[in-house]
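# Examination of the molecular architecture
One letter stands for each residue in the lines below.
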Amino acid sequence: FRATEGDPNLPTKTRGSYQKIEKACSIARQLGLRCLWVDTCCINGEDQDDVAKNIESAYAYYRNAAVCFVYNCRYYDQWPLQDLVAPPELLVFDDRWKFVGSRRTLQKGIVAGAKIDEGLLDGTKSLSGEELAKAKEHLWLLFQGEMDPC
């Protein structure tokens, strides 16, 4: 897909998307995880049916994951809501893959920046139908290029 293609003149292993996947795999192995799903690479943004299918399934993907890695995102208001609340564990890394914190350690900043109820992060509150609809709309805007991704 477009996110993994990069400059066709560069060797595959030097492309940023390849290095992102390689580092994510390395961290997943360190955590004892056997598989990895990378949304920027596993969703074909040029195929509206694929985008729609994956947006509808995104919450379940994240909810059923052991952990969600957030890479190179400094702005909590740009994180898709399901990334924040659905996975049992959320680990945040900077643009050099240095560990920044977890959902628990970054909770105050996430709540303030994303303007969401703290109960959504600590698991004492569930997403309402309206909040889930907004989360899906946010993903659509990201895939349509109308919002900047993290």
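Further up the page is the structure itself.
Okay, so let's go over this structure. (Residues numbered from 1 in each chain as written. Predicted model: local features only at pLDDT ≥ 70, side-chain atom pairs only at ≥ 80, totals over all residues. Heavy atoms only, no water.)

## Here we look at the nonpolar core
- Of all hydrophobic cores here, the largest spans 19 residues; its most connected members are Trp-79, Leu-84, Val-85, Leu-90, Ile-110, Ile-116 and Leu-121.
- At the level of elements, α4 (48-64), β1 (68-71), α5 (81-85), β2 (90-93), α6 (107-114) and α7 (118-122) are the ones that each hand at least two residues to this core.
- Leu-121 has contacts with Leu-84, Val-85, Arg-103, Gln-107, Ile-110, Val-111 and Ile-116, leaving out every residue within four places of it along the chain. (Core = buried A, V, L, I, M, F, W, Y, C linked by side-chain atoms within 4.5 Å. Buried < 20%, exposed > 50% of the residue type's maximum accessible area, 1.4 Å probe, protein only. Helix = DSSP H or I, 4+ residues; strand = E, 2+ residues; numbered from the N terminus. Contact = heavy atoms within 4.5 Å.)

## Observations concerning the sheet that holds β2
- Here three strands make up an open sheet; going across it, the order is β1-β2-β3 and the pairing mixed. The open sheet is flanked by β1 and β3 (99-102), the only strands paired with a single partner. Neighbouring strand axes in the sheet, compared pairwise and without regard to direction, differ in orientation by 25° on average.
- Strand direction decides the pairing type here: β2 and β3, joined by three bridges, are antiparallel. What sits directly across from Leu-91, in β3, is Ser-102. (Pairing = 2+ DSSP bridges. Axes fitted to C-alpha atoms, helices over the stretch in contact; angles between N-to-C directions.)

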